[in-house]
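Structural characterization, general
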Amino acid sequence: MFTGSIVALITPMDDNGHLCRESLKTLIDYHVDSGTSAIVSVGTTGESATLSHEEHVEVVKATVELADGRIPVIAGTGTNATAEGIALTRHFENSGVVGCLTVVPYYNRPTQEGMYQHFKAIAESTDLPQMLYNVPSRTGCDMLPDTVARLAEIKNIIGIKEATGNLSRVSQIQELVDEKFILLSGDDASALDFMQLGGSGVISVTANIAAREMAEVCTLAQQGRFTEARHLNQRLMDLHHTLFCEPNPIPVKWAARQLGLIAKDTLRLPMTPLTATAEPVITRAMREAGLR
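Positions within a chain are numbered from 1, following the residues in the order the chain's sequence is written. Under the rules for a predicted model, residues below a pLDDT of 70 receive no local features and side-chain atom pairs below 80 are neither given nor counted, while totals for whole chains, interfaces and linings still include all residues. Heavy atoms from the whole structure form the basis of all side-chain values; hydrogens and water molecules are not counted.

1. Points about the packing of helix H1 (residues 21–34) against helix H9 (residues 211–222)
Their axes nearest at 9 Å, the elements H1 and H9 cross at an angle of 35°. Here the hand of the crossing between H1 and H9 comes out right-handed. Of H9, the residues touching H1 (which contributes Tyr30, His31, Asp33 and Ser34) are Ala211, Arg212 and Ala215. Three categories are distinguished: nonpolar for Ala, Val, Leu, Ile, Met, Phe, Trp, Tyr, Cys and Pro, charged for Asp, Glu, Lys and Arg, and polar for the others, with Gly belonging to the last. Among the residues forming the contact of H1 with H9, the class breakdown is 3 nonpolar, 2 polar and 2 charged. Whenever a helix is involved, its axis is fitted only over the stretch in contact; in every case the axis is a line through C-alpha atoms, and angles between N-to-C directions fall within 0 to 180 degrees. For the purposes of this entry, the term helix denotes a DSSP run of H or I that reaches at least four residues, the term strand denotes a run of E that reaches at least two, and both are numbered from the N terminus. Left-handed describes a crossing whose near helix is turned anticlockwise from the far helix by less than a right angle; the clockwise case is right-handed. The contact rule is simple, with two residues in contact once any of their heavy atoms fall within 4.5 Å.

2. Considering the packing of helix H4 (residues 112–124) against helix H6 (residues 145–152)
It is the contact of H4 with H6, at a shortest axis distance of 10 Å, that shows an interaxial angle of 25°. Comparing the axis directions of H4 and H6 gives the class roughly parallel. Between H4 and H6 lies a crossing whose hand is right-handed. Contact residues: Gln112, Glu113, Tyr116, Phe119 and Lys120 in H4; Thr147, Arg150 and Leu151 in H6. Orientation is classified from the angle alone, with under 35 degrees giving roughly parallel, over 145 giving roughly antiparallel, 65 to 115 giving roughly perpendicular, and any other angle giving oblique.

3. Topic: the UniProt feature "site: Part of a proton relay during catalysis" (unreviewed entry) in the chain
Under the local residue numbering, the UniProt record ascribes the feature "site: Part of a proton relay during catalysis" (unreviewed entry) to Thr44 and Tyr107. Spanning 64 residues, the named residues form one tight spatial group whose C-alpha atoms are at most 14.4 Å apart. Among the secondary structure elements, Thr44 is positioned in the loop between strand S2 (38–41) and helix H2 (53–67). Three labels apply to residues, based on accessible area from a 1.4 Å probe with only protein chains included: buried if under 20% of the type maximum, exposed if over 50%, partly exposed otherwise in between. Its relative accessible area of 24% is what places Thr44 among the partly exposed residues. Here Thr44 is in contact with Tyr133 and Arg138, once residues within four sequence places are set aside. Take Tyr107: it is sitting in the loop between strand S4 (99–103) and H4. Taking the relative accessible area as the measure of exposure, Tyr107 reaches 74% and is therefore exposed. Look past the residues within four positions of Tyr107 in its chain and what remains in contact with it is Asn80 and Thr139. UniProt positions are given in the numbering used here, feature names are shortened, and annotations may be inferred rather than shown by experiment.

Below is the structure:
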């Protein structure tokens, strides 16, 4: 459940910005049918930054309910205050989630020791498996391999989503941790290279609209069939990049609506609708990927 193609699921909303359960059910069914390994609910792509804590919990629990045991659900639980992270994590005790994905605290830019103490406190407050999430482009600070290694010694910290795009991090972390520690890519464009170097999979934005293709890339990689995986992944490469032509999840929500996976591509401010300039760019990438 913590390997292969794990989708960083978008949060479908109605015209008023409220959760659209019908579209959420459609998305979950799509991922079950497409072979996605697991769902991350309310991560960055799920617009965690614009949901209240009550809404955050509602979306995760609705995802678990609608998944109905057919696909594992990982709860996004990242905050920039340790006490809030603990409180949010505790909401999901006995909820049916299989673990939590927790991002490096953003904006306040803690030291390496601050990051260590933050994740340690959250992990020790729960029995739920914890996945670290390092994405310096969003948080403003980088959790270094030595800090990851210290945290890996805590029994329920089981892995990391490493989204620096720096492929040398794979070997740097592997040298310092137990072989059971899970390394997942957080960057679709370099995910196959990440897996070839020893990573276990990817938490993917692209999988929102190319679920079967991303699942196949990961399966081929796990089987050591990298030539075939690279051929398929190359077809997706333009899509990997263009889904970030405007801030995530603006492009992927628009694309999901075009494919009929969600009824509306509603976003909450400060996210704004996809610009007319970007529409043909994404349409072309979807066509090249075989999605249109």
